[in-house]
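Secondary and tertiary structure notes
Listed below, chain by chain, are the residues.
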Amino acid sequence: MKSLLFNSNKNLRDENPSYSFCRCCGKPWNLVKSKSVETSKGCGTFATCVDCWNTSSLDELKQYYAEVYINQKESLVGTKHKMEHSLEHLLFSVEKEFIKL
């Protein structure tokens, strides 16, 4: 189902090229509110909008957040920076946040 919803919002991404987007519905961040998952005190990662967070399964959410983590990690290759947390830690944080609801 993600691809149908995601693909239907391609025009919104094309119209807002300077914004990243929800990994589920594909809407740019300037049009939706992101759902941040805290990975450490004061730090977090967001991969979905609030609406998609509320309608996705835990497995789907883990997939979206893993996708963002991998993209972020790849963007750091060749720089002096590195990820401050592991993928396993992020997925644990997603699960912990999901269970809170």
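This report concerns the structure included in the present document. For every chain, the first residue of the written sequence is number 1, and numbering continues from 1 onward in sequence order. Owing to the predicted nature of the model, reporting of local features is limited to residues with pLDDT of at least 70; listing and counting of side-chain atom pairs is limited to 80 or more, with chain, interface and lining totals taken over all residues. Excluding hydrogens and water, the side-chain values take into account all heavy atoms of the structure.

**Focus on the environment of N30**
Note the threshold: In this description a helix means any DSSP run of H or I spanning at least four residues, a strand means any run of E spanning at least two, and both kinds are numbered starting from the N terminus. Nitrogen and oxygen atoms within 3.5 Å of one another constitute a polar contact, given that in protein one can donate a hydrogen and the other can accept it, and given that sequence-neighbouring residues count only through two side-chain atoms.
Along the chain, N30 turns up in the loop between α2 (10-15) and β1 (34-40). A polar contact of 2.9 Å, which involves the side chain of N30, links it to the side chain of N16.

**Topic: the packing of aromatic side chains**
Spelled out, the test is: Only rings of Phe, Tyr and Trp enter the pairing, Trp through its six-membered ring, and a pair is recorded when the two centres are within 6.5 Å. The plane angle decides the type: under 30 degrees is stacked, over 60 is edge-to-face, the rest tilted. Think of it in three bands: with a 1.4 Å probe and only protein chains considered, a residue is buried below 20% of the maximum accessible area for its type, exposed above 50%, and partly exposed in between.
Inspection of every chain in the model, using the stated rule, returns four aromatic pairs. On the basis of an interplanar angle of 65° and a centroid distance of 5.6 Å, the ring pair of F6 and F21 is categorised as edge-to-face. Linking F6 in helix α1 (residues 2-8) with F21 in the loop between α2 and β1, this pair joins segments that are 15 residues apart in sequence. Its relative accessible area of 22% is what places F21 among the partly exposed residues.

**Some remarks on the pairing of β1**
Here is the rule: By definition, two strands form a pair when at least two bridges between them are found by DSSP.
Bridge count between β1 and strand β2 (residues 43-49): six bridges; the pairing is antiparallel. Counted as the bridge partner of V37 is T45 from β2.

**Some remarks on the nonpolar core**
Spelled out, the test is: By nonpolar core we mean a set of buried residues, namely Ala, Val, Leu, Ile, Met, Phe, Trp, Tyr and Cys, connected to one another through side-chain atoms within 4.5 Å.
Counting 19 residues, the largest nonpolar core has C22, C49, Y65 and V94 as the members making the most contacts within it. Contributions of two or more residues to this core are made by β2, α3 (50-55), α4 (58-75) and α5 (87-100). Of all the elements, α4 adds the most residues to this core, at six residues.

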